Amino acid sequence: MSQKILVVDDEAEIVDLLRDYLSAEGYQVTTAADGREALEKARLEKPDLAILDLMLPALDGFEVCRILRAESAIPIIILSAKEQEGDKVLGLGLGADDYLVKPFSPREVLARVRAQLRRVALSSGAPAKDDALRFYGLDIYPREYRVVRDGMDVSLQAREFQLLYFLARHPRQVFSKEQLYECVWGEDYLGDPNTLTVHIRRLREKIEPAPGKPQYIKTIWGVGYKFDGVPLGVLGVPQ
């Protein structure tokens, strides 16, 4: 079965253009012209990816992005005339996976759709339970996409979990931004360079006792990031 793309924009010309390009590549395309309709279509038709404008009637794209991300882990590509850095950071902070500014190249949109769907396909295999990791104060259960800090469950978005799990599987190893994009997002990730920074900040806010003085995810200035938790070993079954 072909994959389904939800295109959300109140400009009919843009919707028609994207529908034509995506349909020609074999994708099923469903559309919505406002924020409320977008949520209804997403809940009813369960698309594999959403392309989302920000300036929407009824419910703006930021709120749609927040709700979509709270309800599912589908990739979200924001396509907007808003090009200010603050809008990009906010969109990524609400859970979007990529951000493109209008006017856009349909070929670039198609390339980013492919990259996001390929990334999901590569990461969809569930890790075995014996890959679960335990560190002082932090437990990571990849099969359940579950993280426990000091005995309390921590709610992470899918990409946040993937980034944390990748770093935690290689404790004390330093990775550059380029390596993290390649290993977590996919080798031909074309997104905004702020994406990784936003995800690291959100992870620290959720797992670090003191986000301003991180003990797990450390920045190595001029190089990249590393996970510095002290491992207790590998778990067979969550406790």
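For the structure, check the block above.
Residues numbered from 1 in each chain as written. Predicted model: local features only at pLDDT ≥ 70, side-chain atom pairs only at ≥ 80, totals over all residues. Heavy atoms only, no water.

A. Expanded view of helix α7 (residues 177–185). Among the residues making up α7, those that are buried are L180, Y181, V184 and W185. Buried residues of α7 fall within an arc of 100° about the axis and therefore sit on the same side. (Buried < 20%, exposed > 50% of the residue type's maximum accessible area, 1.4 Å probe, protein only. Helix = DSSP H or I, 4+ residues; strand = E, 2+ residues; numbered from the N terminus. Arc of directions from axis to C-beta.)

B. Seen up close, unusual backbone geometry. The step from K102 to P103 runs through a cis peptide bond, and the omega angle for that step is -5°. With respect to the helices and strands, P103 occurs in the loop between β5 (98–101) and α5 (106–123). Phi is positive for K46, which is not a glycine, with a value near 50°. Position of K46 relative to the elements: it lies in the loop between α2 (35–45) and β3 (49–52). Unusually for a residue other than glycine, A58 sits at a positive phi of about 75°. Relative to the assigned elements, A58 resides in the loop between β3 and α3 (61–71). Residue classification places A58 among the exposed positions, given a relative accessible area of 51%.

C. Focus on the nonpolar core. Membership of the largest hydrophobic core comes to 27 residues, with the highest contact counts inside it found for I140, L163, L164, I217 and F227. For this core, the secondary-structure elements that each account for two or more residues are β6 (132–135), β7 (138–141), α6 (158–168), α7, α8 (194–207) and β11 (224–227). Per-element accounting of this core gives the leading share, seven residues, to α6. Those residues in contact with I217 that lie beyond four places of it in its chain are L164, L167, I200, L203, R204, I207, E208, Y225, K226 and F227. (Core = buried A, V, L, I, M, F, W, Y, C linked by side-chain atoms within 4.5 Å. Contact = heavy atoms within 4.5 Å.)

Distances and angles like these do not, on their own, reveal function.
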